[in-house]
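# Coordinate analysis (summary)
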Amino acid sequence: MPSVTITVNGKKQTANVENRTLLVQFLREHLGLTGTHVGCDTSQCGACVVNIDGYSAKSCTMLAVQVEGANVTTIEGLAKDGKLHPMQEAFREHHGLQCGFCTPGMVMSAVDLATVNKNPSETDIRHWLEGNICRCTGYHNIVKAIKAGAEAMARGGK
Amino acid sequence: MSAPIGAPVRRKEDHRFLTGRGTYTDDINRPGQLHAVFVRSPHAHAEIVRVEASAAKSAPGVVAIYSSADLVAAGLGTLPCGWAVKSKDGSPMAEPPHPVLAQGRVRHVGDPVAIVIAESRDQAQEASERVVVDYRPLPSVSAVDEAVKPGKPLVYDSVPGNICYDWHIGEQAPVDAAIAKAAHVVRLDIVNNRLIPNAMEPRAYIGEFDRGTGDYTLYTTCQNPHAIRLLMGAFVLHLPEHKLRVVAPDVGGGFGSKIYHYAEEAAVTWAAGQLGRPVKWVAERSESFVSDAQGRDHVTHAELALDKDGKFLALKVATLANLGGYISTFAPAVPTYLYATLLAGTYTTPAIYAEVKGVFTHTVPVDAYRGAGRPEASYLIERIVDQAARALKLDPAELRRRNFIATTAYPYQTPVALAYDSGDYFTTLDMALKDADYAGFEQRRAAAGRQGKLRGLGMASYIEACGVAPSAVAGALGARAGLYEVAAVRVNPTGSVTVLTGTHSHGQGHETTFAQLVSERLGMPVENIDVVHGDTARIPFGMGTYGSRSLPVGGSALVKALDKVVNKGKKIAAHLLEAAEADIEFKDGKFTVTGTDRAKAFGEIAFAAYVPHNYPLDELEPGLDEAAFYDPKNFTFPSGTHVCEVEIDQDTGEVRIVAFTAADDFGRIVNPMIVEGQVHGGLAQGIGQALLEECRYDRASGQLLTGSYMDYCMPRADNLPSFKVATHGTMCTHNPLGVKGCGEAGAIGAPGAVMNAVLDALAPLGITHIDMPASPEKIWRAMASRRTAKAA
Amino acid sequence: MYNFEYQQPKSVADAAKAIAGKADAKLMAGGMTLIPTLKQRLAKPTDVVDLGKIADLKGIKKDGNAIVIGAMTRHADVASSDVVKGAIPALADLAAHIGDPAVRNRGTCGGSIANNDPAADYPAGVLALNATIVTNKRKIAADDFFKGMFETALAADEIITAVSFPIPEKAAYMKFPNPASRYAIVGVFVAKTGPAVRVGVTGAAPSAFRQKDMEAALSKSFTGDAIKDVKQPQNGLNADIHASAEYRAHLVGVMAKRAVAKAG
């Protein structure tokens, strides 16, 4: 079995995996980071989105071995020193989540959007969420939350 | 800070979800756990000739493989049905057994045939491919209107015509008479498209067996753990309740699909007992598509009789309802007691007759999905009312007003059994029209026309019945369960409160809403209140969450339990304050002797209850821990008007929603932020049904054509607008909170509003009806055929 | 998913060596199609050869009158590239609408073209722009590349290294997406270079194709009106639950007109 070393949420993690082990399996099963979810098997729902070396990606559509040496941030790594990330805080404030299952992917995707687009419009946000499916919220409050979260990130220089 | 009723309190549960620290079933792993994979039928209908598992059994990591023969040998029962419907002639519905694993025949693509259990999921998967099942394929039927035709394949040899039941409600003769002599009769043939619920968390189960105590535990993605304990324990595994614990931890959405007792739950729990090790199964999404109960699927003919002024005289409805290949847990009730009893809608229609045939087909079982019967009723009524407005050349809002039940008419007895307790359809209609700028619509239509777009506006004035009740009435109608709810308020010695509720939250925010009820009543901050649900070992009992019942029924139980806490607190306070109990009042978290400043804080009373050194032990037990059961006196009746405005691209047939406005009556509102969120979510599912979603089977083969998100169209953010939502509450008269429930309203009102808007846009072309979903090609074809007709 | 041998060669030559003689080895670019296929157990390769660590295959440059995109350049990089946006904005626009953001962050130009999914976007652009596909063995003209559904002119051990897109005078891409998968039901790329106009159509048929009747009409007059009477035959077009062949044929006309209008 190959050994992979991946920096996850700032911590170097080494594990023996199979070649077929997906990144999401590495996170959930090897590291116990169960915040990253699996909601489909066709790479469409986005519940598994994480950040890899600065961009968002679907951890269900990557092999752990592909990510050797990379920096991965998951939903568990977003809050710092017990303080929610501005995007997490915006989701809470604007009721951008209900059952919470799509939420980690939504938040990780939203953080990436706010990184590439400091002031996204409602249309930008709705278009960006093409790869994140939510069945609970009707997206209304997610859109509101992302707008507010992006503004907060821009203010905070993130 | 106390967080009273009416405050938009931010949700207590959000922190764990936002930081990735929720605990969903698939996040749980038990020591020594095995993994299960099901072998499923690739055929819609086939005879199982042979299941040969010897090669698979020797595959690496395999621990056991079971098929139906093993379960039969072990004496397992079949999956029970919780609601029996009687046919017109009084005969019971056909109730063929629903085995845990298919016996002799498979009846839909995805029907489980065997369970393969191995050390790892990959091993179970690989071994499952080596299980050889010889099938003799048989002809199948998947469409409900096909299945009832003579000579079609039978799902059960014992059920002629595939008719599970042939049920009716209302009186036919007066309806026929009214239709025969009415000034106007509007007729409509309409399909309510089959949907797949698609909660984002796929179903997942872990069965566990304690060899020491003989106790079983099931971790399950369900909406009602006590019901699963009863159904699985009593009917399938023959385990008494005290030896079976059911835990539903964080659950990622349900929408009805996680109410039912599923075969996989029983299989993993039983297997855990056989093997003495935990057995885990997690559905892949493609499995969810062929094994989660599906929703809707009606084919209906309806006739509405009106007098010359547009007053409704009678409504006659004939519906074929697809039940699928087996009867799911509550399936028979959905197209009968949850559908036809709502056919009065918000109107005074004096005579209504409906007949409903429940029909077996070779498809995945159909059961309640968000709204369950009520969206079908509301869609039918609101479409035919719009057709009538068009036929009589009346403003659709005006026609509705002419027929609304007067605000002074409550309680109002409909001709289809239900008695509405309160409502005000005029106000919500006016609010919605104002917020949607109805007055300015024709100008917008003209402006859109200049851009080459067809613009339309549609409305729906829906009503729903929530919190199925009372138990005795439901029982008389065939329910095999009680429909009360249970709450316990455990005041801890230092004054914090643990609420145990038999409802279950899988997105609805009960941990916050229920805490607000306690906060308001006991005058304490929500931080000091924990709401616990989803574990039969912790919660006394409960019926779970469905049908927008949690607050009207579960909240009412909580109010009753709080009453008991306060009453006992008064007794303790009277003793401590040396006053008569009748002189103690409780307000703002303090027990006070009326008219004095002598008072004891709630926390002091709690402490005294648990440390009873100065306490009336002769008359009163120590402790402050009260439970209550609440059986509702009636359904609740949320209502409202939804208005949708659309634009249609004439070149492609694409529909874009440009505005959506909702004005709803949910009675009293505890947390307006959560209520709005519930409405938004319901609207998205209703709009999804109208424009995007359709579960389709190949008519010839019974194969599911929409078996993944590649083909089943889930609403995305860019399909939807931001919504305008408002509320106007008339209080429910028979529950202590005046609440009505809000979880399903969006999915009930939206389909009618959207389709009426689409057809309003297409009206200038002479198009009068399109079935959902109004896909681009359907609209393009309708437009093209009208243009061809006009040109000819 | 079935297990497989995995290699991450550092050069194209090593990659070619890694698959040489292995009938059931698979090259993996971004993996956006291959990994879902593996997950569904629809493929059982003995070896997966990951091109992700070959630095030479990444990058975008202007080379004379063409934009050359390395095969392993991600859609997100093409979409945001100033070089592409300056020279062929329509190509950046096409890349910006492939899949979703997370897919664009992994999926690659070369992977998409080599896979030749009938509903992929790139093939329409490759045909309309008359691109040249550069491999480790040769250069292949766009017209010779797409051979049928998921079939291309590539030999078993042939690896795309770059795609060279000649810069047109104007161009635009319009797509009518499948409402569920968001792949193209029909996508039409029009490109005008001097008097010559090329029209690439994806989604409509088993493999992307050029709409030559439209090309002829647009070469005379680059306006929507010029093609309003050009009928796309429905013969041989795809049909599924989302769109019949007849509707697809109709959409080819609508998207073509819109693309011409967008190209300006």
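One structure accompanies this document, and this report is about it. Here the residue numbers are simple positions, counted from 1 along each chain's written sequence. Naming scheme: in the order in which they are written, chains are lettered from A and ligands are numbered from 1. Whole-chain, interface and lining totals are the exception, using all residues; otherwise, since this is a predicted model, local features are given only for residues with pLDDT of at least 70 and side-chain atom pairs are given and counted only at 80 or more.

### Observations concerning the overall build of chain C
Put simply, the rule is: Strands are runs of DSSP state E lasting at least 2 residues, helices are runs of H or I lasting at least 4, and numbering of each runs from the N terminus. For the radius of gyration, the atom set is restricted to C-alpha positions; the globular benchmark scales as 2.2 Å times the number of residues to the power 0.38. For the exposure call, what matters is how many other C-beta atoms sit within 10 Å of a residue's own: 20 or more marks it buried, 12 or fewer exposed, and in between partly exposed, using C-beta atoms placed from the backbone. Note on contacts: residues are paired as contacts if their backbone-placed C-beta atoms lie within 7 Å.
A tally of helices and strands in chain C yields 11 helices and 14 strands. Its C-alpha atoms give chain C a radius of gyration of 18 Å, near enough to 18 Å, the size a compact globule of 264 residues would have. By its C-alpha atoms, chain C is 55 × 45 × 30 Å across when sized along the principal axes. Going through the 264 residues of chain C one by one, you find that 55% of them count as buried. Considering only contacts within chain C whose residues lie at least 6 apart along the sequence, 62% involve residues at least 24 apart.

### Some words on the overall build of chain A
The helix and strand tally for chain A stands at 5 helices and 5 strands. A globule of 158 residues ought to have a C-alpha radius of gyration of about 15 Å, and chain A, at 15 Å, matches this closely. Scored against the burial criterion, the 158 residues of chain A give a buried share of 65%. Within chain A, contacts between residues separated by at least 24 positions form 62% of all contacts whose residues are at least 6 apart in sequence.

### Description of helix α4 (residues 121–128) of chain B
Burial of α4 of chain B is extensive: 6 of the 8 residues sit out of reach of the surface. Buried within α4 of chain B we find D122, Q123, A124, E126, A127 and S128 of chain B.

### A few points about the packing of helix α7 (residues 225–237) of chain B against helix α8 (residues 263–275) of chain B
Residues and elements named next belong to chain B. For clarity, the threshold we go by: Under this scheme, a helix contributes an axis fitted over its contacting stretch, all axes are lines through C-alpha atoms, and angles between N-to-C directions fall in the 0 to 180 degree range. Roughly parallel covers angles under 35 degrees, roughly antiparallel covers those over 145, roughly perpendicular covers 65 to 115, and oblique covers all other angles. In this scheme, a crossing is called left-handed if the near helix is turned counterclockwise away from the far one by less than a right angle; it is called right-handed if the turn is clockwise. In this classification, Asp, Glu, Lys and Arg are treated as charged, Ala, Val, Leu, Ile, Met, Phe, Trp, Tyr, Cys and Pro as nonpolar, and every other residue, Gly included, as polar.
Two elements in contact, α7 and α8, have axes separated by 11 Å at closest approach and are oriented at 65°. Taken together, α7 and α8 sit at an angle that is classed as roughly perpendicular. Here α7 runs over α8; the crossing is right-handed. Contact residues: α7 offers I228, M232, V236 and L237, while α8 offers E265, A266, T269 and W270. Here the residues of the contact of α7 with α8 are counted per class, giving 6 nonpolar, 1 polar and 1 charged.

### Quick notes on the sheet that holds strand β3 (residues 47–50) of chain C
Residue and element names in this part refer to chain C. Spelled out, the test is: For two strands to be treated as a pair, DSSP must find at least two bridges joining them.
In spatial order, the strands read β1-β3-β2; together these 3 strands make up an open sheet with parallel pairing. Edge positions in the sheet fall to β1 (5–7) and β2 (25–28), since each of these pairs with one other strand and no more. For this sheet, the mean angle separating the axes of adjacent strands, direction not counted, is 20°. As defined by bridge partners, β1 adjoins β3 across 3 bridges and the pair is classed as parallel. Of the residues in β3, the one forming a bridge with Q7 is V49. Strands β1, β2 and β3 of the sheet are contacted by helix α1 (residues 12–19), whose axis makes an angle of about 175° with β3.

### Description of the interface of chain A and chain C
The partner chain C presents 21 residues to the 21 residues of chain A that form the contact. Listed by contribution, the elements that provide at least two residues to the side of chain A that touches chain C are β4 (55–58) and α3 (103–116) of chain A. Here the side of chain A that touches chain C takes 4 residues from β4 of chain A, the largest share from any one element. Here the side of chain A that touches chain C is built from residues that sort into 6 nonpolar, 9 polar and 6 charged.

### A short note on the pairing of strand β19 (residues 485–491) of chain B
Moving residue by residue along a regular strand, the side chains alternate between the two faces of the sheet. Residues and elements named next belong to chain B. Among the 7 residues that make up β19, 6 are buried, leaving the element largely enclosed by the rest of the structure. Bridge count between β19 and strand β25 (residues 625–630): 6 bridges; the pairing is antiparallel. Counted as the bridge partner of V489 is E626 from β25. Turn length for the β19-strand β20 (residues 497–501) hairpin, with the two strands adjacent in sequence and antiparallel, is 5 residues, and the turn residue G495 shows positive phi of about 100°.

### With respect to the sheet that holds β20 of chain B
All names here are of chain B. Reading across the sheet, the 4 strands line up as β21-β20-β19-β25 and stay open at both edges, with mixed pairing between neighbours. Edge strands, defined here as strands with exactly one partner in the open sheet, are β21 (529–532) and β25. Recorded for the sheet is a direction-independent mean angle of 15° between the axes of neighbouring strands. Pairing between β20 and β21: 4 bridges, direction parallel. Looking at the pairing, T498 lines up with D530 of β21. Most of the contacts of helix α15 (residues 510–522) go to β21, to which it runs at about 135°, and overall it touches β20 and β21.

### What to know about the interface of chain A and chain B
Of the residues lining the interface, 43 residues belong to chain A; the matching set on chain B comes to 42 residues. When residues of the side of chain A that touches chain B are traced back to their parent elements, those giving at least two are α2 (86–93), α3, α4 (122–128) and α5 (140–155) of chain A. With 4 residues, α2 of chain A is the largest single contributor of residues to the side of chain A that touches chain B. The residue inventory of the side of chain A that touches chain B, partitioned by class, reads 19 nonpolar, 16 polar and 8 charged.

### Points about the environment of P764 of chain B
Assignment of secondary structure puts P764 of chain B in the loop between α19 (745–762) and α20 (776–791). In this structure, the C-alpha to C-alpha distance between P764 of chain B and L617 of chain B, residues 147 residues apart in sequence, is 80 Å.

### Let's talk about unusual backbone geometry
Residue P411 of chain B follows Y410 of chain B across a cis peptide bond; omega there is 0°. One can find P411 of chain B in the loop between α11 (396–403) and β16 (412–413). Here M772 of chain B and P773 of chain B are connected by a cis peptide whose omega angle stands at -10°. Inspection of the secondary structure assignment puts P773 of chain B in the loop between α19 and α20. If you check the backbone angles, Y139 of chain A has positive phi at about 70° while not being a glycine.

### Concerning the environment of Y546 of chain B
Residue and element names in this part refer to chain B. With respect to the helices and strands, Y546 occurs in the loop between β21 and α16 (550–577). A residue is classified by how many C-beta atoms lie within 10 Å of it, and Y546, with 27 of them, is buried. Linking Y546 and N224, residues 322 residues apart in sequence, is a C-alpha distance of 8.5 Å.

### Comments concerning helix α10 (residues 374–391) of chain B
Residue and element names in this part refer to chain B. Rules: Each residue after the first adds 1.5 Å to the expected span of a helix.
Over its 18 residues, α10 extends 25 Å from the first C-alpha to the last, a length consistent with the 26 Å expected when each residue adds 1.5 Å. Burial within α10 is extensive, with 16 of its 18 residues counted as buried. Just past α10, the residue K393 takes up positive phi, approximately 55°.

### Comments concerning the nonpolar core
Note the threshold: Residues of type Ala, Val, Leu, Ile, Met, Phe, Trp, Tyr and Cys that are buried and joined through C-beta atoms within 7 Å form what is called a nonpolar core.
With 408 residues, the main nonpolar core has V116 of chain B together with V188 and V190 of chain C as its most contacted residues. In terms of residue count, the dominant contributor to this core is α19 of chain B (12 residues). With residues up to four places along the chain from it excluded, the contact list for V188 of chain C reads A124, M174, V199, V201, V252, M255, A256 and A259 of chain C.

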